[in-house]
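Summary of structural features
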Amino acid sequence: MAQAQAVEKKQMRPPIESGCPDGMQYMHPLMVKNFGNWKYHDRPRPGVLHHVAHSGDEIWTVRVGTQRQLGPYEINLLCDIVDTYGEGHVRFTIRSNLEVMVSKWEKVGPLIQAFNDAGYPVGGTGNSVTMISHTQGWLHCDIPGTDASGVVKSLMDELYEEFVKEEMPNRVHITTSCCQINCGGQGDIAINVQHTKPPKINHDLVANVCERPSVVARCPVAAIRPAMVNGKPSLEVDEKKCICCGACYPPCPPMQINDPVHSKLAIWVGGKNSNARSKPMFQKLVAAGLPNNPPRWPEVAEVVKKILYTYKNDARDWERVGDWVERIGWPRFFEMTGLPFTKFHIDNWRGARNSLNASTHIRF
Amino acid sequence: MAEAQKTPKDPARHSSFVPKEKKSSKPFHDTPMLDQLESGPWPSFVTGLKRLAHDNNMMVDLLGQLEYSYKTRLGYWKGGTVSVFGYGGGIIPRFSEVASMFPESKEFHTLRVQPPAGNHYTTKLLRQLSNSWSKWGSGLIAFHGQTGNIMFIGATSENTQHFFDEINEYGFDLGGAGPCVRTAMSCVGAARCEQSCTNEHRIHRTLVNNFIDDMHRPALPYKFKFKVSGCPNDCMNSIQRADFAVIGTWRDDMQVDQKGVKEYIESHGRKYTIDNVITRCPTNALSLNDDDTIEVDNKSCVRCMHCINVMTKGLKPGKDRGVTVLIGGKRTLKIGDTMGTVIVPFMKMDSDEDFEKIRELAATVIDFWAENGLEHERCGEMIERIGLANFLEGIGIEVDPNMITHPRTSSYIRLDDWDQEAQKWIDRQKAKATA
């Protein structure tokens with residue numbers, strides 16, 4: 001057996017550690033030619049970017065919404081459209097939109113038509129609601145409190161018109177995260193899992209599955225300690241200290257944090273990555289306790305739409321959600337959206353004092 | 001559009017198409033909940049999964065398990081250890097906890113593969129990747145994961161090696177998983193954006209390809225991410241989600257084309273320009289002249305990009321370009337979300353030596369963190385624990401007021417070496433003046 005393994009190992013192919021491939025070889029020729037020499041851009045219609053180079057060359061980009069998870073049928077369908085109506089070169093944005101580059105304005109219309117005929121929306125540019133950032137969820141993650149693709153699909157169905165039009169005050173980035181680690185990142189509106197009960201521990205498994213000191217070290221509030229339970233080495237949680245974050249669950253799966261009823265969804269607003277106008281901002285908690293309700297999460301969609309359309313009606317041009325709230329103030333935000341303000345909105349984490357109002361700056 | 005969904009022009013060439021012929025031998029599970037995600041105007045991933053289930057049994061059971069998750073509101077994947085020969089990471093192993101019900105998808109691993117810098121593809125390449133994956137895996141690919149990988153979702157332990165061997169031959173390599181340097185990201189940048197202030201793709205590849213050993217053989221305290229954005233709009237979200245964020249910027253005056261400015265005012269109006277450009281400047285560095293030209297106080301400009309974003313034909317970044325480096329951004333685990341902190345306010349990024357310098361900086365940072373970071377502690381968490389001043393000393397970078405929002409407000413500090421430290425600053429200023 002050992003010999004057989006040794007023989008097999010010999011035949012193994014050593015990897016070529018080539019790392020990140022050079023994008024130049026796949027780039028549209030006009031992009032290679034004008035690399036670093038672009039002059040300006042505009043948007044002739046929603047979903048289309050138009051860039052002009054110092055050389056006078058022009059390139060049009062058609063942005064297409066996808067389901068992110070693509071099989072051979074979808075890939076070949078999209079590629080057939082690009083090969084027929086485009087010029088064979090594409091790229092993906094950070095939010096899983098497909099971008100198709102063409103050298104002539106005349107090609108843009110037929111390209112959009114072909115995508116629309118195939119059931120793919122064109123949009124997501126400028127002041128639209130672009131594709132929701134997308135994590136793995138129940139499809140593939142080992143610690144998810146909810147699904148990702150289903151939440152994104154449900155919400156994008158509801159926000160479809162806002163993707164294909166540019167009618168928002170500024171761009172809107174919505175994110176989702178299936179656990180409190182927040183893989184989806186900062187968003188104008190973020191939909192994140194929020195657990196509400198401490199982990200349920202299967203003491204029979206802890207000793208064999210978990211490296212106990214690492215699990216103890218992982219807890220942000222030092223609520224976990226080693227313990228003997230039913231004569232077996234295990235871990236116990238001080239449930240009064242526990243903040244139900246689920247940080248112990250990845251290194252120790254027998255500490256099940258996910259619960260069909262008590263793992264809820266929370267909504268956060270005002271996150272922003274760009275340095276434009278204000279510095280980058282973190283998102284802030286505005287709503288919680290929403291049920292994890294597949295397949296379409298209607299309660300979540302309702303709150304998201306309430307916030308989104310309040311923003312759409314009240315914000316000024318170029319204000320992101322965070323900029324808008326900074327202008328109108330949080331009391332007005334809660335008043336306008338009708339969302340309840342609770343003691344849980346007041347931070348008590350590190351540096352919490354910085355988020356308290358130490359002034360007489362109050363809007364009446 | 002919603003109409004087009006209902007009556008596709010060519011049903012066989014539409015996102016809602018489901019093949020008539022079933023090649024997979026296993027009967028479908030009932031999926032009443034997932035079925036509800038097939039309606040609506042947005043392309044449905046469920047319909048996509050069903051198309052694949054017509055093709056292979058793995059996806060038949062995958063759909064079954066996903067429906068089971070929807071029904072019970074719980075996930076059923078567990079990690080483990082799977083890798084390809086010679087590497088210690090790059091694959092996310094997934095073993096089903098409910099394999100007795102769904103045996104065909106009991107092993108459903110993801111391979112994380114690094115996309116070309118800037119996410120550029122030809123259709124030929126996309127088809128090639130898709131063909132390779134249909135041969136060895138489920139056929140399902142995510143473009144892209146949140147770290148920036150192409151995610152090839154769903155392979156057995158055995159086939160991960162075959163698939164990797166095949167795509168590795170035509171230039172693709174695994175990304176990172178575990179405590180290691182992770183796959184990096186860069187924006188479209190200089191390839192198609194007039195706001196780009198640097199060669200994002202070259203920085204991206206210089207950084208990540210120099211730490212390829214630290215990517216493939218996880219041995220760091222925790223993950224380490226590089227992200228490169230060409231301008232302060234930071235389309236790669238690097239400040240909030242990269243341990244090492246590189247952002248293009250400029251240090252001379254922004255370029256103003258007064259003709260473009262005037263045209264903007266003509267088409268949008270004076271009031272709109274004042275309300276949306278002039279008064280939106282965070283440092284009051286803009287002024288509108290009576291003749292509808294714009295005046296920029298470049299010394300006060302913080303390069304936020306807002307006015308440049310609005311007047312794309314009138315305003316542009318300056319010509320003396322380089323990058324700002326921020327270190328320590330990450331998501332919630334464990335001390336709460338952190339943004340990166342400015343470590344290098346400006347460095348040129350033109351010559352080979354400049355690129356060598358940023359590579360050296362990254363190596364110094366990673367070495368110091370590998371030496372001093374605790375297990376499962378991100379670089380930003382280490383900086384918070386030891387203090388920025390200690391970190392700077394550790395990596396040999398002098399303090400700079402650009403690194404802070406404001407000086408300390410607490411008097412509880414020992415100032416033993418104040419005179420010495422003050423002298424260092426004075427000496428540096430003198431050296432700069434004579435340089």
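Residues numbered from 1 in each chain as written. Chains lettered and ligands numbered in written order. Predicted model: local features only at pLDDT ≥ 70, side-chain atom pairs only at ≥ 80, totals over all residues. Heavy atoms only, no water.

**Points about the overall build of chain A**
Check the secondary structure of chain A and you find 11 helices and 14 strands. Expressed along its principal axes, the backbone C-alpha trace of chain A runs to roughly 80 × 75 × 35 Å. Expressed as a percentage of its 364 residues, the buried residues of chain A come to 59%. Considering only contacts in chain A between residues 6 or more positions apart, those separated by 24 or more positions represent 62%. Placing the 41 positive and 37 negative side-chain charges of chain A at their respective mean positions leaves the two points 6 Å apart. (Helix = DSSP H or I, 4+ residues; strand = E, 2+ residues; numbered from the N terminus. Buried < 20%, exposed > 50% of the residue type's maximum accessible area, 1.4 Å probe, protein only. Contact = heavy atoms within 4.5 Å. Lys, Arg positive; Asp, Glu negative; His and termini not counted. Charge placed at Lys NZ, Arg CZ, Asp CG, Glu CD.)

**Examining the state of the cysteines**
Scanning the entire structure with this criterion turns up 1 disulfide over all chains. Put simply, Cys210(A) and Cys252(A) are joined by a disulfide, and their sulfur atoms are 2.1 Å apart. Every disulfide takes its handedness from the sign of the S-S torsion; for Cys210(A) and Cys252(A) that torsion is 70°, giving right-handed. With Cys210(A) in the loop between helix 7 (203-209) and helix 8 (212-218) and Cys252(A) in the loop between strand 11 (232-237) and strand 12 (255-256), the pair connects residues that are 42 residues apart, well separated along the chain. Among the cysteines around Cys187(B), which has no disulfide bond, Cys235(B) carries the closest sulfur, lying 6.2 Å off. In this model Cys304(B) remains outside any disulfide bridge; the closest cysteine sulfur is found in Cys281(B), 6.3 Å from its own. (Disulfide = S-S within 2.5 Å.)

**Describing the interface of chain A and chain B**
Every contact between the two is made by 121 residues of chain A and, on the other side, 125 residues of chain B. For the pairing of chain A and chain B, the buried interface totals around 11,100 Å² over both sides, and the portion due to carbon and sulfur atoms is 56%. On inspection of chain A and its partner chain B, the count reaches 13 salt bridges. Arg127(B) is the partner of Asp80(A) in a salt bridge, and the nearest nitrogen-oxygen pair spans 2.8 Å. Applying the counting rule to chain A against chain B returns 78 residue pairs in polar contact (both at pLDDT 80 or more). As paired elements, strand 4 (residues 69-70) of chain A and strand 6 (residues 140-143) of chain B share 2 bridges and run antiparallel to each other. Considered in strand 6 of chain B, the bridge of Gln69(A) is made with Ala142(B). (Buried area = accessible area lost by both parts, 1.4 Å probe. Salt bridge = Lys/Arg side-chain N within 4 Å of Asp/Glu carboxyl O. Polar contact = N/O pair within 3.5 Å; in protein donor to acceptor, adjacent residues only side chain to side chain. Pairing = 2+ DSSP bridges.)

**Considerations on the confidence of the model for chain B**
Atom-level detail of predicted coordinates should not be read off regions where pLDDT is low. For chain B, per-residue confidence averages 96 on the pLDDT scale, and 99% of positions sit at 70 or higher. Across the interface, the model reports ipTM at 0.96; the global pTM reads 0.96. (pLDDT = per-residue confidence, 0-100.)

**Thoughts on the packing of helix 3 (residues 45-53) of chain B against helix 4 (residues 57-72) of chain B**
Residues and elements named next belong to chain B. Orientation of helix 3 relative to helix 4, taken along the N-to-C sense of each, is 145°, at an axis distance of 8 Å. Residue-level inspection shows Phe45, Leu49, Lys50, Leu52 and Ala53 of helix 3 in contact with helix 4, the latter providing Met59, Val60, Leu62, Leu63, Leu66 and Tyr70. Taken together, the residues that form the contact of helix 3 with helix 4 break down as 10 nonpolar, no polar and 1 charged. (Axes fitted to C-alpha atoms, helices over the stretch in contact; angles between N-to-C directions. Nonpolar A, V, L, I, M, F, W, Y, C, P; charged D, E, K, R; others polar.)

**Side note on the domain arrangement of chain B**
Residue and element names in this part refer to chain B. Under the domain assignment used here, chain B contains domain 1 (1-175), domain 2 (185-250 + 320-406) and domain 3 (255-316). Of note, the centres of domain 1 and domain 2, computed from C-alpha atoms alone, are 33 Å apart. Listed as interface residues are 14 residues of domain 1 and, on the opposing side, 17 residues of domain 2. Interface area, domain 1 with domain 2, both sides summed: about 1,100 Å², of which 54% is carbon and sulfur. (Domains from an automatic or database assignment.)

**As for the sheet that holds strand 14 (residues 284-290) of chain A**
Residues and elements named next belong to chain A. Sheet architecture is open: 4 strands sit in the order 7-8-13-14, paired in mixed fashion. The sheet is open, and its two edges are formed by strand 7 (174-177) and strand 14, each paired on a single side. Across the sheet, the mean angle from the axis of one strand to that of its neighbour is 25°, orientation sign disregarded. Note that strand 7 and strand 8 (residues 189-195) share 4 bridges and pair parallel. The residue of strand 8 that forms the bridge with Ser177 is Asn192. Together, strand 13 (263-269) and strand 14 form the strand contacts of helix 11 (residues 330-337), whose direction differs from that of strand 14 by roughly 35°.

**Brief notes about the pattern of salt bridges**
All names here are of chain B. Evaluated as defined, the whole model comprises 51 salt bridges over all chains. With its nearest N and O atoms 2.9 Å apart, the salt bridge here joins Arg378 to Asp243. Residue Arg378 is found in the loop between helix 13 (352-372) and helix 14 (379-386), and its partner Asp243 is found in the loop between helix 9 (238-241) and strand 10 (244-250); the two are separated by 135 residues along the sequence. Side by side, Arg378 and Asp243 carry an identical accessibility label, which is buried. Residue Arg385 is joined to Glu377 by a salt bridge in which the shortest nitrogen-to-oxygen separation is 2.8 Å.

**A few points about empty space enclosed by the protein**
Residues and elements named next belong to chain B. Considering all chains together, one arrives at 10 cavities of 30 Å³ or more under this definition. Put simply, the largest cavity is a space of about 130 Å³. Taken together, 17 residues line the largest cavity, and the ones lying closest to its centre are Met254, Cys281, Cys301, Cys304 and Cys307. It is helix 12 (residues 306-310) that provides the largest number of residues to the lining of the largest cavity, a total of 3 residues. Looking at side-chain class alone, the lining of the largest cavity contains 14 nonpolar, 2 polar and 1 charged residues. (1 Å grid on protein atoms, 1.4 Å probe; cavity = no way out; pocket = protein on both sides within 12 Å on 5 of 7 lines; lining within 4 Å. Points joined across faces, edges and corners; volume = space filled by probe spheres on them.)

**Re helix 15 (residues 388-395) of chain B**
Residue and element names in this part refer to chain B. Residues Phe391, Leu392 and Ile395 constitute the buried set of helix 15. Buried residues of helix 15, seen end-on, are gathered within an arc of 100° and therefore sit on one face of the element. Facing away from the buried side of helix 15 by over 90 degrees, the exposed positions are Ala389 and Glu393. Buried residues in helix 15 make contact with strand 15 (321-327), strand 16 (341-348), helix 13 and helix 14. (Arc of directions from axis to C-beta.)

**Observations concerning the domain arrangement of chain A**
All names here are of chain A. Taken domain by domain, chain A comprises domain 1 (23-117), domain 2 (137-196 + 260-355) and domain 3 (200-256). The straight-line distance from the C-alpha centre of domain 1 to that of domain 2 is 30 Å. Of the residues lining the interface, 9 residues belong to domain 1; the matching set on domain 2 comes to 9 residues. Of all residues in domain 1, Pro46, Gln69 and Arg95 bury the most surface against domain 2, accounting for 67% of the area lost on that side. Here domain 1 and domain 2 share 1 salt bridge between them.

**Notes on the sheet that holds strand 6 of chain B**
Read from one edge to the other, the open sheet built from 5 strands follows the order 4(A)-6(B)-7(B)-4(B)-2(B), with strand pairing classed as antiparallel. The sheet is open, and its two borders are formed by strand 4 of chain A together with strand 2 (91-92) of chain B, each paired with just one other strand. When strand 4 (residues 109-113) of chain B meets strand 7 (residues 150-155) of chain B, the two strands line up antiparallel, connected through 5 bridges. Paired with Thr110(B) across the strands is Ile153(B), a residue of strand 7 of chain B.

**Points about the packing of aromatic side chains**
On inspection of all chains with the given rule, the structure shows 29 aromatic pairs over all chains. Seen from their ring centres, Trp138(A) and Tyr70(B) are 5.3 Å apart, and the 70° between their planes marks the pair as edge-to-face. Note that Trp138(A) is positioned in the loop between helix 4 (108-117) and helix 5 (149-158) and Tyr70(B) in helix 4, a pairing that runs across two chains. Residue classification places Trp138(A) among the buried residues on the basis of a relative accessible area of 1%. Geometrically, the ring pair formed by Phe163(A) and Trp42(B) is edge-to-face, given 4.9 Å between the ring centres and 85° between the ring planes. Of this pair, Phe163(A) sits in helix 6 (residues 160-164) while Trp42(B) is found in the loop between helix 2 (32-35) and helix 3, placing the two residues in two different chains. Here the guanidinium or amino end of Lys22(B) rests over the ring plane of Phe28(B), the centre of that ring lying 4.6 Å away. For Arg378(B), the ring lying beneath its charged end belongs to Tyr222(B), and the centroid distance is 6.0 Å. (Phe/Tyr/Trp six-rings, centres within 6.5 Å; stacked < 30°, edge-to-face > 60°. Lys NZ or Arg CZ within 6 Å of the ring centre and 35° of its normal.)

**Section: a nonpolar patch on the surface**
On the surface, Phe341(A), Ile346(A) and Leu356(A) cluster together into a nonpolar patch covering about 310 Å² of accessible area. Here Phe341(A) is to be found in the segment after helix 11. (Patch = residues over 30% accessible without salt bridge, like charges linked within 9 Å, V, L, I, M, F, W, Y side chains within 5 Å. Areas by Shrake-Rupley, 256 points an atom, 1.4 Å probe, with all protein chains shown as cover.)

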